[in-house]
Structures are given as structure tokens and as C-alpha cells.
Amino acid sequence: MNNPSGHRLSRPRRRAAVLGIVAALAASALVLALTWYWSSGLFLDQTRAGAMAKLDLYNSNLDGALGKYQSVPKLLALHEGVAAFFQAPLDAETLQRANALTETVNSLTGAEDTYFMDAEGLTFAASNWDSERPFVGHNFSYRPYFQEAMQGQLGRFFALGTTSGRRGYYFASPVFQNNEILGAVVVKVSLTDIEAAWTADEEKVIVTDPHGVIFVSSHAAWRFRSLAPLSDEALQEIAENRRYQSVDLRPLEVVEQQSIGEGPRLIRIADEPGAQKAEYLMVSRAMPEAGWTVSVLASTHLARSQSITATLVAALACLITFLIATLVWQRRSRLVERIDYQRRASEELEQRVEERTADLTSANAQLEREIGEREAAEAELRQAQDDLIQAGKLAALGQMSAALSHEFNQPLAAIRSYADNARLLIERNRDREAGENLQRIRDLTARMAEISKHLMTFARKPRRELRPLVLAEVLDDTLDFLRIRLERAGATVSLEQPDRSLRVRAGRVRLQHVILNLVSNALDAMEGAEEPKIEVAVRETAGRVVVSVRDHGPGIEAAQIGSIFDPFFTTKDVGKGLGLGLSISYNIVKDFEGSIRVENHPGGGAVFIVELPLLAQPEAVLEPA
Ligand code: ADP
């Protein structure tokens, strides 16, 4: 059986623990995945909302910037004075005025360049006429804005200036005369300035052409980089309109992560191949008029770290939950094991009790059987003992018969002689003397009747039951019974009995038998002694009555002292003793819950000591003497 306080788990509990841990890990993984998914969605959505707001802002910013210049070339083209400059050929002075006009308009509008092109695409007047790289004299007929203007439309185009090397947005308006297009008025708007205002912003904002080439970017490293590798057609088109001159349009390394709903894209971009990529949420809006697309790229860094924090919090919660669950489980399992242990212990105990009960029951049955047998044996023994007492008594009677015959013969002889005497005295009319003799005869018969009564009492079978007896009376009766024998032996008996009221619970006849036996044995032991002397004493000690019978015989030999109470132990001649007297006395005293023992008196002779329980003094004597 396991110790309940031990930490070792039983095999099924260990299996349950492993299963629990696996389940907890799976549940935690699910919780973390869900938290990551949910928090990513939430925080990326916030990022997207911010990016959209910014996109609106940049859009209107660009719209406003371009819209401001859109009508400038139109207005100039409509002006008659301007149209006059397109009437070729022009003299130097007119050209000078045209240059001055462009310069003035340019400085008033804040455009980057304002210039006039003839029908061939040659620039004949420009606001930067006296700069290091004036447009004047350059032919820009390859530019789409010129071609659109020559078709009578407002030409729009954005490009890297071939002469200036600066990025700009071009608006070109045709100059009509009698439905004939003489040339175009062009205003170039600087994009560099707009871009410069963006760089401080957190988000990256880019303007891409239809091929995905970044033309304007708040992040300088992305300028003239394409979001995807360019196709051959695209490269050819770019070469034709010389939008980017000879700039090497290397693609950025863009990895598409996932699309979030409509429009927004989650991408990872590296500036250079192999460099570390940063993740962005990209929202875009096309500006069809301008021919470009504006995109805001918001870094997902914050959203991601928020998601990581949320996931970590969830992980911590999982861990705490797991720890609490483990703790609860451990406590519960320890409790379960303890209950289990107690149950098994009580079962074991019950089983043991059952076994013990069965053992006891069989032992009890055995004991009862034995008791039955013992009782039967005891009954048999008692019967035998009763028979023996009777036999002993008969033996005692036999022993006494001689004395009895003497006892009876003597008074009988005396009666006879008294009777003879009485007859003679009556014949002689001596009536008074005859009456005296008759009285003597009467006395003698009375004495004989007394002796006979004693014999009857002794010979009677004793009763079984015990009753309160006055010890003095029993002793008196017994000694009285023995009187003839004592007289014959010339023995004296002294009785020392300070308290004549002591009572014992016994059988009268049986107790008499014991005393009689002890006194008889004492007489036998002193046979032939000159003055046989027997001392009977009664004492009371510690709730017991002690009766001692001492003689002045030879005492008992040490070797025999242990077997003196054995049945049939005798040292007497055949016919004189059966060796039953003391054995029977021993059993009788035991029946009275008393004891009997023998000692040799230091002054010589044997002392037999009988101890009996003392009975409390009654109010009145129960049995009359
Ligand atoms: P029995 O008298 O028939 O021999 P008992 O049982 O009365 O049988 O006595 C057994 C023996 O104990 C006697 O034979 C005797 O040797 C011894 N004995 C008994 N009483 C005395 C005594 N008072 N003094 C010496 N020996 C005794």
C-alpha cells in the first residue's frame, strides 16, 4: 500500500497527469494561436485605419498641389499675347520678351519651370532661360505631354527632367490659332518640394507609376525602385518617353504576406536584396487623372509588438491557469489517494476483523466444547468425590465401629446391670433406689440416642448447596461427635476461638467432615503418645477465617509434604487408611472457595490450616443452631 503522504503517483494517475499536460499544452497552443490571430486582426485594423486617414491626407495634398497648376498653361495659351510668341520666326527681342514672360509667370505661380514649345517640340522660351541648364533650344517632342497637347488636349505627365535632372509633373496646353495648333505652353511642377514635406512622417508614402515604379517617396532609398520586376514592354515604353532617363530601375524585394480584406496589402520589403525585411501594411488609391497611384505604407511594428504583448499575456494567463490547475489537481489527487488509502486500510481492517472474528468464533466453539467436556468431567468427578466421601465416611464408621461397639456395649451392660439391680430393689421394695437405677438407665439411653443421632448426621449424603454457617457451632458439633474417640485415646483438644460469631458460607456436613478428618489424622499421628494434645484455633485475617489444627505428632516428612493431598496417598497400614481423607477435604474446601495447606510446627507436630472467606455479620442468625 502506498504511503499517502508520499509524492509518488500511481501508474493510472501518472498517465492521467501526462494526458493532462498534453491537453493543457494543446489548449494553450490553441489559445495562443487564437490570441495572436485575434490581436493581429485588431491591431492591424487600427494600423490600417491610421494608414487610410493618412492616405486621404496625402491624396488631397497631391490633388491640391497639382490642381493649383493645372489651369496655369491653359490660361497662358488662351492669352493673345502669348499666342503671338508662337508666330514664327521670332526675332531676338521677342524671344527675350517671351522668356521674360515665362519667368514672371513662373515666379508668380511658384512652378518649377514654365516654357513654350513650338509645333515641332522645340523649346523656344523658358523661365530658366538664363540658368545653367536652360530648356531653350531643347526638343521635348518625345514627351507624352507634348504629344497630348499637339492632339488638342491638356497634356499631363510626370517624369525626371532630362535637362534639369529634377522630378516634376508636367501640364501642357495647346496654343491654337484658327484651329491650328501652333505649339504648347508647359508648366512643370516640382515634386521634390512636395516630397520634402513628407519625409518627417512616420508612415512611408509612395507615388507609383502604372508599372509600379516608385516616383515619389518619403523614403529616399525607394526612389526609382519598382515594387515588382518590370516587364520588357514596360521597359520599352519607359525608354521611349524617357520618363526616368537612364536611371537603373531596380526592383525592391517585396514579399506578399497576406491580403487583409479589400485593398490593403501586408508586405515585407527589403531595400536591397538579402537585407533585413520590414513589414508594412500598404493602402493605395489610384489618381487616374494624374496617372499615378498613391500608397501609404504603415509599419506593422507597433501592431506586431502589441500582438506579441497580448499573446505573452495570454501565455502568462495560460501558465497561471496551468499552475493553478496543477495545484488543484495535485491537492485533489492527494486527497483521492488518501481517501483510497483510508478505504483500503479500513477494508483491510474489516477483513482482519472478520478473520479474527471467525478465529474467535471457532475458538469460542472449541472453548464451549471444552467447557462442556470439563463440566461433564467435573460432574463426574463430583459424583466420584461424593461417592468417595461416602466411602470415606463408611471407612471412618468402620474405624469407629470398635469404639462404637464399646460405646454402645458399655451403656448396654450398665443398663442391663441397672435393670437387674432395679428388679432386685423392687422385689425388696426399695422403690426409691430402684427409681434411681431406672433414672440412670434413662440417662444412658439418652446418651446412646445422642451417639446414634451423630452417626445418622454423618452418614447422611451431604447437600450440594452452600449456606451461611456459624463456624463455632460446626466445630462444637464435630468435636462433640469425636468426643468418645478422643476420650478413648486420652487426648485433649483445646479450642481457641475469641469470636464465636464468625460466619462462613459452606455445607455443614462437608465442613464437619473436613474438621473431623483433620482431628482424626491428628489422633492417628499421636497414636501411642502419653498425652496426645490437639490445638484448634480460629482467627480472622483480612476478610478470611483461618482454622488451624495442630498436633504434637511426628509432623510430615519434607519429601511427602507435596503429595499429602493426593488421592490414595497414605502411610497407614492396609485396612487403617485409604489415603482419601485429605484429598477429599482439599476438594471440599476448594468448593467453599477456600484453601487448605499443611506446615510443620517449629515446636513439633503438623499444623493443617484451612482458610475460608468470611461472611459479613447478619442482623440475625439465619440458621438456628
Ligand atoms: P489416611 O488417613 O487414610 O492415610 P489421609 O489423606 O487422611 O489418608 O492422610 C494421608 C496421609 O497423610 C496419612 O497417611 C499420613 O501419613 C499423613 N498425615 C495426615 N495427617 C497427618 C498428621 N497430622 N501428622 C502426620 N502425618 C499425617
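Structure shown above.
Position numbers for residues count from 1 along each chain, tracking the sequence in the order it is written. Whole-chain, interface and lining totals are the exception, using all residues; otherwise, since this is a predicted model, local features are given only for residues with pLDDT of at least 70 and side-chain atom pairs are given and counted only at 80 or more. Just so you know, side-chain values use all the structure's heavy atoms and leave hydrogens and water out.

Novice: So what's going on with the overall build of the chain? Which residues, and what values?
Specialist: Runs of E in the DSSP output that reach at least two residues are strands. Runs of H or I that reach at least four are helices, and both are numbered from the N terminus. Helices and strands together make up the secondary structure of the chain, namely 12 helices and 18 strands. Computed over C-alpha atoms, the radius of gyration of the chain comes to 76 Å, more than 25% over the 25 Å expected from 2.2 N^0.38 for 625 residues, which places it beyond the range of a compact globule. Along the first, second and third principal axes, the C-alpha set of the chain runs to 235 × 45 × 40 Å. Buried, partly exposed and exposed residues are distinguished by accessible area as a fraction of the type maximum, computed with a 1.4 Å probe on protein chains only: under 20%, between the cut-offs, and over 50%, respectively. Here the chain holds 625 residues, and the buried ones make up 38% of them. Here the chain displays about 35000 Å² of accessible surface, and carbon together with sulfur accounts for 55% of that area. The globule rule used here is 2.2 Å times the number of residues to the 0.38 power, and the radius of gyration it is set against is calculated over C-alpha atoms. For the area figures, the Shrake-Rupley method with a 1.4 Å probe applies, and any residue is considered shielded solely by the protein chains shown.

Novice: Provide a residue-level description of the pattern of salt bridges, including the pertinent values.
Specialist: The term salt bridge refers to a side-chain nitrogen of Lys or Arg lying within 4 Å of a carboxyl oxygen of Asp or Glu. One pass over the full model with this rule turns up 33 salt bridges. The partner of Asp 476 in a salt bridge is Arg 500, and the shortest N-O contact between them spans 2.7 Å. Separated by 24 residues along the polypeptide, Asp 476 in helix α10 (residues 471-489) and Arg 500 in the loop between β13 (492-496) and β14 (503-506) bring together distant segments of the chain. On the basis of relative accessible area, Asp 476 is assigned to the partly exposed category, the value being 32%. One salt-bridge network, in which partners are shared between bridges, spans Asp 340, Arg 343, Arg 344 and Glu 347.

Novice: I'd love a proper account of the pairing of strand β16 (residues 544-550), names of residues and values included.
Specialist: Regular strands show a simple pattern: their side chains alternate between the two faces of the sheet. When you tally the buried positions in β16, you get six out of seven residues, the bulk of the element. Any two strands between which DSSP finds at least two bridges are classified as paired. The sheet contact formed by strand β15 (residues 533-541) and β16 spans seven bridges and is antiparallel. Residue pairing in the sheet places Ala 537 in a bridge with Ser 548 of β16. Counting the residues that bridge the hairpin from β15 to β16 gives two residues, and of these Ala 542 lies at a positive phi of roughly 45 degrees. Bridge analysis of β16 against strand β18 (residues 606-615) gives seven bridges, and the strand direction is antiparallel. Each bridged residue has a counterpart across the sheet, and for Arg 550 the counterpart in β18 is Val 607.

Novice: Before we move on, could you go through the packing of α10 against helix α11 (residues 508-525) and cite the residues and values that matter?
Specialist: Think of each axis as a best-fit line through the C-alpha atoms, taken over the contacting stretch in the case of a helix, with angles from 0 to 180 degrees between the N-to-C directions. As a packed pair, α10 and α11 sit with axes 9 Å apart at the nearest point and diverge in direction by 35 degrees. Handedness of the α10/α11 crossing: right-handed. For the pair α10 and α11, contact is made by Leu 471, Glu 473, Val 474, Leu 475, Asp 477, Thr 478, Leu 479, Phe 481, Leu 482, Arg 485, Leu 486 and Ala 489 and by Arg 508, Leu 511, Gln 512, Ile 515, Leu 516, Val 519, Ser 520, Leu 523 and Asp 524, respectively. Whether a crossing is left-handed or right-handed is set by the direction in which the near helix is turned from the far one by less than a right angle, anticlockwise for left-handed and clockwise for right-handed. The contact criterion used throughout is that any non-hydrogen atoms of two residues lie within 4.5 Å.

Novice: Describe helix α12 (residues 581-591), and please don't skip the residues or the numbers.
Specialist: Looking only at α12, the buried set comprises Leu 582, Ser 583, Ile 584, Ser 585, Ile 588 and Val 589. Immediately downstream of α12, the backbone of Glu 593 shows phi near 60 degrees, a positive value.

Novice: Please give an account of the sheet that holds strand β3 (residues 155-160) that cites residues and values.
Specialist: In space, the five strands of this open sheet follow the order β2-β1-β5-β4-β3, with antiparallel pairing throughout. Unpaired on one side and paired on the other, β2 (123-126) and β3 mark the two borders of the sheet. Adjacent strand axes in the sheet meet at a mean angle of 25 degrees when their direction is disregarded. Helix α1 (residues 11-70) contacts β3, β4 (167-177) and β5 (180-190) of the sheet and is inclined by roughly 25 degrees relative to β4. Across the sheet, helix α4 (residues 92-109) touches β1 (113-118) and β2, and the angle it forms with β1 is around 145 degrees.

Novice: Report on the nonpolar core, specifying residues and quantitative values.
Specialist: Only buried residues count toward a nonpolar core, which is a set of Ala, Val, Leu, Ile, Met, Phe, Trp, Tyr and Cys residues joined through side-chain atoms within 4.5 Å. Formed by 55 residues in total, the largest nonpolar core has its most connected members in Phe 86, Phe 116, Tyr 169, Trp 292 and Val 294. Examining the composition of this core, we find that nine residues originate from one element, α1, more than from any other. Look past the residues within four positions of Phe 116 in its chain and what remains in contact with it is Val 82, Phe 85, Phe 86, Ala 98, Leu 101, Thr 102, Leu 122, Thr 123, Phe 124, Ala 125, Ala 184 and Val 185. Membership of the second largest hydrophobic core comes to 42 residues, among which are Leu 486, Val 504, Leu 582 and Phe 592.

Novice: An account of the site of the ligand is needed here, citing residue identities and associated values.
Specialist: Within the structure, the ligand sits among 19 residues, and Asn 521, Asp 551, Thr 570, Thr 571 and Lys 572 are positioned closest to it. Here Thr 570 contributes a side-chain N or O atom positioned 2.5 Å from an oxygen atom of the ligand. Here a polar contact is taken to be a pair of N or O atoms separated by no more than 3.5 Å, where protein atoms must pair a possible hydrogen donor with a possible acceptor and residues adjacent in sequence count only if both atoms sit in side chains. The separation between an oxygen atom of the ligand and a polar main-chain atom of Leu 582 is 2.9 Å. Computed on the free molecule, the ligand has an accessible area of 530 Å², of which 92% lies beneath the protein chains in the complex. Residue assignment for the shell around the ligand shows that the elements contributing at least two residues are α11 and α12. Tallying contributions element by element places α11 first for the shell around the ligand, with four residues. Classifying every residue of the shell around the ligand by side-chain character gives nine nonpolar, eight polar and two charged. Throughout this document, a residue counts as near a molecule or strand when at least one of its heavy atoms sits within 4 Å of that molecule or strand. Nonpolar residues are Ala, Val, Leu, Ile, Met, Phe, Trp, Tyr, Cys and Pro. Charged residues are Asp, Glu, Lys and Arg, and all others, Gly as well, are polar.

Novice: I'd like to hear about a negative patch on the surface, residue by residue, with values.
Specialist: Like-charged residues are merged into a patch within 9 Å and nonpolar side chains (Val, Leu, Ile, Met, Phe, Trp, Tyr) within 5 Å, provided each residue has over 30% relative accessible area and no salt bridge. Under the counting rule used here, the positive set is Lys and Arg, the negative set is Asp and Glu, and His together with the chain ends is not counted. Positions of charges follow a simple convention, taking NZ of Lys, CZ of Arg, CG of Asp or CD of Glu. A surface patch of like charges, here negative, comprises Glu 350, Glu 354, Glu 355 and Asp 359. Mapped onto the secondary structure, Asp 359 falls in helix α8 (residues 301-427).

Novice: Would you mind going over the packing of aromatic side chains in detail, with residue names and values included?
Specialist: For Phe, Tyr and Trp, rings pair up if their centres lie within 6.5 Å, where Trp contributes its six-membered ring, and each pair is then called stacked (planes under 30 degrees apart), edge-to-face (over 60) or tilted (otherwise). Considering all chains together, one arrives at 22 aromatic pairs under this definition. Centroid distance Phe 116 to Phe 124: 5.9 Å. Interplanar angle 40 degrees. Geometry classified as tilted. There is no split in this pair, since Phe 116 and Phe 124 are both buried. Between Tyr 145 and Tyr 170, the aromatic rings sit 4.8 Å apart at their centres with planes inclined by 10 degrees, giving stacked as the arrangement. Residue Tyr 145 is found in helix α5 (residues 144-150), and its partner Tyr 170 is found in strand β4; the two are separated by 25 residues along the sequence.

Novice: Which residues make up the pairing of strand β17 (residues 595-600), and what are the values?
Specialist: Relative to β18, β17 runs antiparallel, the two sharing six bridges. Bridged to Asn 600 within β18 is Ala 606. The loop that links β17 with its antiparallel partner β18 comprises five residues; one of these, Gly 604, has a positive phi angle of about 100 degrees.

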